[in-house]
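Spelled out from the first residue to the last, the chains are:
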Amino acid sequence: MNGADVKAVTPKKKKIKRSSGIVAGKHQWKAWLYLAPALILLLVFTVWPIINTVRMAFLNNYNGLAAIGGQTFDFGIKNFQWVINAPDFMNCLSNTAILCVLTVPISTVLALLIAVALNSIKVLQKFLQTIFFLPYVTNSIAIGMVFAAMFNIVGNTGTSGNDIIVTAGIINNIIEFFGGTAVNWINNGSTHVANMAVMVIYIVWNALPFKILILLGGLQSINRQYYDAAKVDGTSKFRTLTRITVPLLSPMLAYVVITGFIGGFKEYTSIVGIFGESMGPVHNPDSMNTIVGLVYDALENGYQGRASAAALVLFAIILVITMINLWVSKKKVHY
Amino acid sequence: MDNKQPNRSSFLINDEIKCASCGKVLLKKNGVGLLRGKKDEDGTYLCSKCYEMKYPAKMKKKLSPKAKRAKVGKVLYMILVYAFLVIMALAILFPFYWMINSSLKTLPEYKLSVPTLWPRTIMFSNYVEAFNQANLGRLFLNTAYVGIVSTILSLVITVLSAFAFARLEFKGKDLIFGAMLATMMIPGELFTITNYITVANFGWLNTYTVLIVPFLVSVFYIYLLRQNFMQIPNELYLAAKIDGTSDIKYLWKVMIPLSMPTLISITILKMMGAWNSYIWPRLVANDDAHKLITNGLRNAFTESTGDVNYPVQMAAVALVSFPLFLVFVFLRKYIMKGVSRSGIKG
């Protein structure tokens, strides 16, 4: 809306307020009536959980069943101590952090390159754009199972040298075709690095469509004149990308990176898709667990206090990461 | 006439200039403009095509080596761009291809150490087996029921709240709206724990209610629709009021038709959310009668410890993915629109 429109609307708004003053009483109860279903549901399923989660987190070893049985719990920070000292916690934290640090930059750079390439072509643009959006409308568990099948070695592996490999999986087949050696990606005896690599590939594949969509939208709104000016000056393609495209796209890039980090720290279902609910390869279950996984583990064992504490820790991490992101983008983003 | 002729510059002339060879008008009579042609040696004019035919060597000479290099560079660049895009597109499509390819193979063929790129014998029976083994019929029905009911209820709640926030005046409006927006920052995991206790206390575990009610209100959809409603001029509402139209009728006849694209986006994203939700359904409704599709799919093929029939598993995955593809093919526009504004999955 431009300035003239705003000016034109303002006096009318005042009039409306005056006229609605006459029937204000009538409007008031109506508004509350319309809002009632949303407000009631929000109170029960959003506001109360916020209060209750904080309460449970600060009651030592709070357990819902025991609470119904009449047991009382002391106020304290034992739940947080349990979370920090849990043997899994450091592993979960490092898994989550590594996945974030690897997948966010890789997927953002790839998405940027694809978006720039898509924006520079005319033939097949719509068709390719549709293909690149396809992974978005998939079920992350279902496609996770496809990825698992692609990396899966069928046969008997990791049992004291008596490996009987029936099929090494299509990815290994491709690697061998190009002269490499097959890798045990996700089966019995696979290394943590190999597991991580599979997760990174899957998460990047899954994260691309949203990022491409946002970045392409941003690219299409950049004024052509900047590029014409660069052309007249004989600027190289690479310099045009780093000096014109990226700065003008920086608000979208910041948005994509921030949502990428938030999503990355909540990673859970994609790991279930590949490794199943054991959250790790057969010989080492839970080795791929994440912070969200920790929350659900504690919840399933009945320790709602610990689960709450873990959820609050997750919230705090996301808040800090987002703050850092916003702080960085304030310095780097050109609005 | 000849001495008055312009030499590729623009000014008023009295006669039109034609191409000496093909007769194409190069400059209209009394026209102002650029002469679209070239002067021949004998003083007549030729259009660029005829000129090029007459003097092919001259035209070729015109391209300096530098310009030539630039042209080659540009072609090379475009080839690189297309190659990059095609390779990435193939990488994106490969899992889908492999899913369909594997789902049509027999188990012995799947296990060949040198994989076949297309099944030798096409086994549609894998799909029948997958449908029965994973009990997909029941899972489809459960998911469809939950998806449809929760979408309809969610739309009603969203429309009513968005209308209240966009059109009505009441005390504390801005405060409530701001507080609602603030809750969007909090990760969903934080709500899940208490919500689990709450629904257990209500006695809702393993019912359809538990899958529908807790997530009916989406603050984001209310926000999205409110923005849309705000764009509809208030005069329409006041005119309707003067005519004695009720709020509901006004909503139904004016606001909803005008906001249809947003409502369709919300509907699709909500249905996809039901189709893809995993964590909450697994937690609160894990019995066979109420299991949803994603949860059922994951469990149907992890419990069996023996020889997993991978082609059947892939057939089940394909069956679960297929409705999503259909939605994608027909409603892509709305999905992309909704996603680019929301950035959330379901």
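This text follows the structure it describes.
Attention in this report is confined to the structure presented alongside it. (Residues numbered from 1 in each chain as written. Chains lettered and ligands numbered in written order. Predicted model: local features only at pLDDT ≥ 70, side-chain atom pairs only at ≥ 80, totals over all residues. Heavy atoms only, no water.)

### Let's talk about the overall build of chain A
Check the secondary structure of chain A and you find 14 helices and two strands. Put simply, chain A has 335 residues, and 50% of those count as buried. Long-range pairs, those at least 24 residues apart, make up 64% of the contacts in chain A between residues at least 6 apart in sequence. As displayed, chain A has an accessible area near 16300 Å², and 66% of this comes from carbon and sulfur atoms. (Helix = DSSP H or I, 4+ residues; strand = E, 2+ residues; numbered from the N terminus. Buried < 20%, exposed > 50% of the residue type's maximum accessible area, 1.4 Å probe, protein only. Contact = heavy atoms within 4.5 Å. Areas by Shrake-Rupley, 256 points an atom, 1.4 Å probe, with all protein chains shown as cover.)

### As for the overall build of chain B
Counting its secondary structure elements, chain B contains 16 helices and four strands. Within chain B, the proportion of its 346 residues that are buried is 46%. The long-range share in chain B, meaning contacts at least 24 apart out of those at least 6 apart in sequence, stands at 61%. Summing over all exposed atoms, chain B offers an accessible surface of approximately 18000 Å²; the carbon and sulfur share of this is 64%.

### A closer look at empty space enclosed by the protein
Enumeration according to the criterion identifies two cavities of 30 Å³ or more in this entry. Estimates place the volume of the largest cavity at around 90 Å³. Around the largest cavity sit Ala149(A), Asn152(A), Val154(A), Thr167(A), Gly169(A), Ile170(A), Asn173(A), Trp98(B), Lys105(B), Tyr110(B) and Pro115(B), which together line it. Size it by volume and the second largest cavity reaches roughly 60 Å³. Together, Leu118(A), Gln129(A), Phe132(A), Phe133(A), Pro209(A), Ile212(A), Leu213(A), Leu216(A) and Met336(B) line the second largest cavity. Those elements that place two or more of their residues in the lining of the second largest cavity are helix H6 (125–133) and helix H9 (192–220) of chain A. The class makeup of the residues in the lining of the second largest cavity is eight nonpolar, one polar and no charged. (1 Å grid on protein atoms, 1.4 Å probe; cavity = no way out; pocket = protein on both sides within 12 Å on 5 of 7 lines; lining within 4 Å. Points joined across faces, edges and corners; volume = space filled by probe spheres on them. Nonpolar A, V, L, I, M, F, W, Y, C, P; charged D, E, K, R; others polar.)

### Some thoughts on the pattern of salt bridges
Tallied over the entire structure, the rule returns five salt bridges over all chains. Notably, a salt bridge pairs Asp247(B) with Lys30(A), separated by 3.7 Å at the nearest N-O pair. One end of the pair, Asp247(B), is in helix H12 (residues 247–258); the other, Lys30(A), is in helix H2 (residues 24–57), on a second chain. On the accessibility criterion, Asp247(B) (2% relative accessible area) is buried. Two residues, Lys291(B) and Asp288(B), come together in a salt bridge whose shortest N-O distance is 3.8 Å. Overall, Lys291(B) belongs to the buried group, its relative accessible area being 11%. (Salt bridge = Lys/Arg side-chain N within 4 Å of Asp/Glu carboxyl O.)

### Let's talk about the interface of chain B and chain A
Contacts between the two partners involve 95 residues from chain B, matched on the other side by 92 residues from chain A. When the buried area of chain B at its contact with chain A is split by residue, Ile92(B), Ile193(B) and Arg298(B) rank highest and sum to 8% of it. For the pair chain B and chain A, the interface holds three salt bridges. Partitioning the side of chain B that touches chain A into residue classes produces 66 nonpolar, 18 polar and eleven charged. (Buried area = accessible area lost by both parts, 1.4 Å probe.)

### A closer look at the layout of surface pockets
Roughly 1300 Å³ of internal volume is contained in the second largest pocket. Contributing to the lining of the second largest pocket are 30 residues, with Ser120(A), Lys231(A), Lys237(A), Tyr77(B) and Met78(B) lying nearest its centre. Those elements that place two or more of their residues in the lining of the second largest pocket are helix H5 (87–119), helix H10 (224–232) and helix H11 (237–265) of chain A together with helix H3 (65–103) of chain B. For the lining of the second largest pocket, the element with the most residues is H3(B), which contributes nine residues. Taken together, the residues that form the lining of the second largest pocket break down as 15 nonpolar, eight polar and seven charged.

### Brief notes about unusual backbone geometry
Residue and element names in this part refer to chain A. In this model, methionine 279 sits at a positive phi of 55 degrees, which is unusual for a non-glycine residue. Here methionine 279 shows up in the loop between helix H12 (269–275) and helix H13 (291–300). Positive phi, normally seen in glycine, also occurs at aspartate 286, with a value near 70 degrees. For aspartate 286, a relative accessible area of 29% puts it in the partly exposed group.

### Section: the environment of Gln133(B)
Mapped onto the elements of the fold, Gln133(B) is located in helix H5 (residues 125–133). It is 78 Å that separates the C-alpha atoms of Gln133(B) and Cys19(B), two residues lying 114 residues apart in sequence.

### Examining the packing of aromatic side chains
Applying the stated criterion to the full structure yields 32 aromatic pairs over all chains. Their ring planes at 65 degrees and their centres at 4.9 Å tell us that Phe202(B) and Trp204(B) sit as a pair that is edge-to-face. Here the aromatic residues Trp32(A), Phe165(B), Phe170(B), Phe177(B), Phe220(B), Tyr221(B) and Tyr223(B) are joined through ring pairs into a cluster of three or more. Positioned above the aromatic ring of Tyr303(A), the side-chain terminus of Arg306(A) is 4.0 Å from the ring centre. Across from the ring centre of Tyr334(B), 5.1 Å away, lies the NZ or CZ of Lys333(B), which sits over that ring. (Phe/Tyr/Trp six-rings, centres within 6.5 Å; stacked < 30°, edge-to-face > 60°. Lys NZ or Arg CZ within 6 Å of the ring centre and 35° of its normal.)

### Considering the environment of Val282(A)
Residue and element names in this part refer to chain A. For valine 282, the location among the structural elements is in the loop between H12 and H13. On the accessibility criterion, valine 282 (69% relative accessible area) is exposed. With 93 residues separating them along the chain, valine 282 and glycine 189 place their C-alpha atoms 7.9 Å apart.

### Observations regarding the side chain of Asn172(A)
Residue and element names in this part refer to chain A. Residue placement: asparagine 172 occurs in helix H8 (residues 170–177). Given the relative accessible area of 0%, asparagine 172 is considered buried. Looking at asparagine 172, its side chain comes within polar contact range of the side chain of tryptophan 185, at 3.1 Å. (Polar contact = N/O pair within 3.5 Å; in protein donor to acceptor, adjacent residues only side chain to side chain.)

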